[in-house]
Amino acid sequence: MLYILVGVSFGLMCVLQVTLNISLRLAHSNFLEEQIKWLETSYNNLTEEKKQLQISYNNLTEEKKQLQISYNNLSEEKKHLQISYNNLTEEKKPLQISYNNLTEERDKFTELEWRTFNTSLYYVSNDYKTWEDSRQDCLKRGADLAVINSEEEQVFISQLNTKPWIGLTDKDSEGTWKWVDGTPLTTAFWSTEEPNDRAVNGEDCVSLYYHTQPVLKNWNDLACNTEFMWICEIVNG
Ligand code: MAN
Ligand code: CA
């Protein structure tokens, strides 16, 4: 009896064992299938991702190549500009020196007695001389006695507050007035009743009356050996 019981128990245990075994195997194979599916999906996703990264990588490589080219071009350009800059800096040096010297000379020249009007420079004397000596003084200064070519210039010279000799004379031919630059007199600003050649030995040189006459009527002929102040002019251009 005991043997039968043991036998049946053993038989049952075997059946149980087999059933358990089969269900475990089934469960296991389901689990593996799930896992394989998951791995497959992961693999596909990663493959896709890799493809995108490869594209990005290629684009970036291309971009880098272009940037490298741009950089090289700009470096080359910079080199040329640097050379130009250096050359110009070198060229500028002597020009700067010339400029400084000329500025200094000009300042020395103008800060004394020279005045500008339009394109001319005018020197107002501090001294009194005959017409001829006045003219010599102007020539020594690289100028000549002032030649009046316009109403504006007549006004400007009259306002220099002197009673100066100007560069007009008829000493070569009485009554024929000529400027020191050789041009004949066209626009005149004679004072009333001038020129009158009044003096005993004649009056062949011209000076301005200062303030005693209207500004556009202030020329007077005078004896050239009279000592007066004078105006020199340097005509530019
Ligand atoms: C007066 C006028 C002038 C003349 C001078 C000479 O001013 O008669 O015409 O030139 O005297 O000093
Ligand atoms: Ca006169």
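Residues numbered from 1 in each chain as written. Chains lettered and ligands numbered in written order. Predicted model: local features only at pLDDT ≥ 70, side-chain atom pairs only at ≥ 80, totals over all residues. Heavy atoms only, no water.

### Thoughts on the domain arrangement of the chain
Splitting the chain by domain gives domain 1 (36-113) and domain 2 (118-235). On a C-alpha basis, the centroid separation for the pair domain 1 and domain 2 is 67 Å. (Domains from an automatic or database assignment.)

### Let's talk about the site of ligand 1
Around ligand 1 sit E194, N196, R198, E203, Y209, N220, D221 and L222, and those are all the residues in its vicinity. Here N196 contributes a side-chain N or O atom positioned 2.7 Å from an oxygen atom of ligand 1. Separating an oxygen atom of ligand 1 from a backbone N or O atom of D221 is a distance of 2.9 Å. Here ligand 1, which alone exposes 310 Å², has 60% of that area covered by the protein. The residue inventory of the shell around ligand 1, partitioned by class, reads two nonpolar, two polar and four charged. (Near = heavy atom within 4 Å. Polar contact = N/O pair within 3.5 Å; in protein donor to acceptor, adjacent residues only side chain to side chain. Areas by Shrake-Rupley, 256 points an atom, 1.4 Å probe, with all protein chains shown as cover. Nonpolar A, V, L, I, M, F, W, Y, C, P; charged D, E, K, R; others polar.)

### Some details on the coordination of the calcium ion (ligand 2)
Every protein donor of the calcium ion (ligand 2) is accounted for by E194 (OE), N196 (OD1), E203 (OE), N220 (OD1), D221 (O) and D221 (OD), and the metal-donor separations fall at 2.2 to 2.6 Å. Donor residues for the calcium ion (ligand 2) sit on one chain with the sequence pattern E-x1-N-x6-E-x16-N-D. Taken together, the residues span a long stretch of sequence, with N196 in the loop between β5 (178-179) and β6 (205-208) and D221 in strand β7 (residues 219-222) at a distance of 25 residues. A relative accessible area of 28% means that N196 is categorised as partly exposed. Residue classification places D221 among the buried residues on the basis of a relative accessible area of 1%. (Donors = N, O, S within 2.8 Å, 3.2 Å for Na, K, Ca; no water. Helix = DSSP H or I, 4+ residues; strand = E, 2+ residues; numbered from the N terminus. Buried < 20%, exposed > 50% of the residue type's maximum accessible area, 1.4 Å probe, protein only.)

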